Amino acid sequence: MCATSQKHGFTLPLTITILAIIGILVSSFYTMVKNERIESFRRYSDAQAILELESGVNYAFHRMQTEHKPWRTDSLKHASNDSNILFSLSQVQDGAFASLKIFNHDSSQHFVAHTGFILKSLPALTILATHANISLATNARIEGGTALRNGGFSYSSHYKMRAEKDAFFDTVYVADTLAIFDTLKFYPELSRNQFTEKFEKERCLFDGTEKVPEILSCQVVTMQGDSHCDHCKITADKIFLRERANTLKANFTARAIFLKDSIQLSGTFFAQDTLEASLKRKQENSINLIVQGRRTGEVEYTGHLSIDELTAEKMLILFMGDHWDENMKGIPVSISEKAEIKGTVISNGMIDFRGKLTGQMIAHYLGFYENETLWRGFFRDGQIKGDTTIHTFLPDIVYLGGEASYEK
């Protein structure tokens, strides 16, 4: 009896221990299965959200490329035929570019970027004027072809503005050989209302190593010293960048923007009336310098884009020329001989270009003032060399077709 009692006394605790261990194992197993199911659902939700966001981007790109003009929508909801993919999106103007925002079906994830088109290769120089006769003066050079609607190209024999031995141009294309003259359209009305006269603050000065807020509305903004901004968006009347200030993927919109000294730029600088740049430091980031322009009288025009000194590797220079015509006083775009640019220059107005450009230029006409004399149709000193490897990201307010794309 004693041995049997001891045996029973030993078996019960062992059984309880084994059952406890089995319980713990079962509980751990179910916890593991539960966690795995939760993780699997999370992965599925993330994958579904990414699929919906990518579907939204593809949908937006499809609309952009089939509209043959800028495509905008304040709010659009889309569902696939089987309702497995649901997303909402908007594409509205944000400065010079369109801003695309996409949300998945439950708005748990979103996608935000600026959209535009990758510019296809064009001749080194395209002249938009209906009738244009261009004369090369001094040592001006164009390599990579020139496109004209009508008119001709020649070496100047004028005794005051004669072409020198280094002057050069190659192939000249006429309108019926290029689709650009039928495709190219400017849509300045989309970006007119991006400028405001109401600001949250009156004056904002950033000096030393101060960082600019991500979003800022201020009448006069000055960045100097080693101040910097990272993905910041500034709306102002006037913006001054000087000394060693730097920006990273900035989005600046103002009536007037002034850039000088040894600043380092990255992003878009969109001015209504005036944009002036004189930069000592080489610019290696992607930069967009854009002026809207506006007519203020019968022959008065305020839009002016002036570059005195600039060396840049990835550059878009764009003058929209809103309501500009050849009766306006002055030349709205001037780029000096101290400018060496790789990228694209587009001027929906007359341009005085004396620098060096590797890439492509589209301009209404060429000319310059010498004292009080306007030399219309003359191209002097400047050098333009076509480069088909350069693919500029262009806002769709200038529509040239190409491949729809985005930049964050």
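Note that the coordinates shown come from a computational prediction; the quantities given were computed from them, not determined experimentally.

Draft legend 1. Region of the structure containing the side chain of glutamine 360. Secondary-structure assignment places glutamine 360 in strand E23 (residues 356–370). Apart from residues lying up to four places away in sequence, glutamine 360 is in contact with Leu119, Lys120, Ser121, Leu122, Pro123, Ala124, Gly343, Thr344, Val345 and Ile390.

Draft legend 2. Highlighting the environment of valine 299. Mapped onto the elements of the fold, valine 299 is located in the loop between strand E20 (283–291) and strand E21 (304–319). Residues valine 299 and glycine 330, 31 residues apart in the sequence, show an inter-C-alpha distance of 9.5 Å. Apart from the residues within four sequence positions on either side, valine 299 is in contact with Asn327, Met328 and Lys329.

Draft legend 3. Representation of the state of the cysteines. One pass over the full model with this rule turns up 2 disulfides. Between the sulfur atoms of cysteine 204 and its disulfide partner cysteine 218 the distance amounts to 2.4 Å. What sets the handedness of the cysteine 204 and cysteine 218 disulfide is the S-S torsion sign, and at about 110° it is right-handed. Remark: cysteine 218 occurs in strand E14 (residues 215–223) and cysteine 204 occurs in strand E13 (residues 201–206); sequence separation between them is 14 residues. The connectivity of the disulfide bonds within the protein chain can be written as 1-2, 3-4, using the sequence rank of each bonded cysteine.

Draft legend 4. Representation of the nonpolar core. Within the largest apolar cluster, 67 residues are counted, with the highest numbers of intra-cluster contacts made by Phe252, Leu259, Phe269, Ile335 and Met361. Here this core takes 8 residues from strand E22 (residues 333–353), the largest share from any one element. For leucine 259, the contacting residues outside a window of four places in its chain are Leu241, Leu265, Leu275, Glu276, Ala277, Ser278, Leu279 and Leu289. Counting 23 residues, the second-largest nonpolar core is a separate cluster that includes Ala96, Leu122, Leu184 and Leu400.

Draft legend 5. Molecular detail of the layout of surface pockets. The computed volume of the largest pocket comes to approximately 720 Å³. Lining the largest pocket are 25 residues; nearest its centre among them are His114, His231, Lys249, Asn251 and Lys408. Put simply, the parts of the chain that give the lining of the largest pocket at least two residues each are strand E2 (86–94), strand E3 (97–104), strand E4 (110–118), strand E18 (250–261), strand E19 (267–279) and E20. For the lining of the largest pocket, the class distribution of residues is 8 nonpolar, 10 polar and 7 charged.

Draft legend 6. Local environment of the sheet that holds strand E9 (residues 151–155). The sheet built from 3 strands is open, its strands ordered E9-E6-E25 with parallel pairing. Either end of the sheet is taken by a strand with one partner, and the two such strands are E9 and strand E25 (378–380). Direction aside, neighbouring strands of the sheet carry axes that sit 20° apart on average. Summarising the sheet, strand E6 (residues 132–137) and E25 pair through 3 bridges and their orientation is parallel. Among the inter-strand pairings, leucine 136 is bridged to a residue of E25, identified as phenylalanine 379.

Draft legend 7. A look at the pairing of E4. As defined by bridge partners, E3 adjoins E4 across 6 bridges and the pair is classed as antiparallel. Following the sheet pairing, alanine 98 is matched in E4 by threonine 115. Between E3 and the antiparallel strand that follows it, E4, lie 5 residues; serine 107 among them carries a positive phi value of about 60°. The pairing of E4 with strand E29 (residues 403–407) spans 5 bridges and is classified as antiparallel. Considered in E29, the bridge of threonine 115 is made with tyrosine 406.

Draft legend 8. Spotlight on the pattern of salt bridges. Per the counting criterion, the structure on display carries 17 salt bridges. In this structure, the salt-bridge partner of aspartate 322 is arginine 192, at a minimum N-O distance of 2.7 Å. Of this pair, aspartate 322 sits in the loop between E21 and E22 while arginine 192 sits in the loop between strand E12 (185–186) and E13, placing them 130 residues apart in sequence. Assessed through its relative accessible area of 4%, aspartate 322 is described here as buried. Residue class for arginine 192 comes out partly exposed when judged on its relative accessible area of 36%. Through salt bridges with shared partners, a single ionic network connects Asp237, Arg255, Asp273 and Arg294.

Draft legend 9. Inspection of the packing of aromatic side chains at higher detail. Counted under the stated rule, the structure contains 14 aromatic pairs. Taking 6.3 Å as the distance between ring centres and 70° as the angle between the ring planes, the aromatic pair formed by tyrosine 59 and tryptophan 71 counts as edge-to-face. One end of the pair, tyrosine 59, is in helix H1 (residues 2–67); the other, tryptophan 71, is in the loop between H1 and strand E1 (73–79), and 12 residues separate them in sequence. For tryptophan 71, a relative accessible area of 5% gives the class buried.

Procedures and definitions
- Residues numbered from 1 in each chain as written.
- Predicted model: local features only at pLDDT ≥ 70, side-chain atom pairs only at ≥ 80, totals over all residues.
- Heavy atoms only, no water.
- Helix = DSSP H or I, 4+ residues; strand = E, 2+ residues; numbered from the N terminus.
- Contact = heavy atoms within 4.5 Å.
- Disulfide = S-S within 2.5 Å.
- Core = buried A, V, L, I, M, F, W, Y, C linked by side-chain atoms within 4.5 Å.
- Buried < 20%, exposed > 50% of the residue type's maximum accessible area, 1.4 Å probe, protein only.
- 1 Å grid on protein atoms, 1.4 Å probe; cavity = no way out; pocket = protein on both sides within 12 Å on 5 of 7 lines; lining within 4 Å.
- Points joined across faces, edges and corners; volume = space filled by probe spheres on them.
- Nonpolar A, V, L, I, M, F, W, Y, C, P; charged D, E, K, R; others polar.
- Pairing = 2+ DSSP bridges.
- Axes fitted to C-alpha atoms, helices over the stretch in contact; angles between N-to-C directions.
- Salt bridge = Lys/Arg side-chain N within 4 Å of Asp/Glu carboxyl O.
- Phe/Tyr/Trp six-rings, centres within 6.5 Å; stacked < 30°, edge-to-face > 60°.

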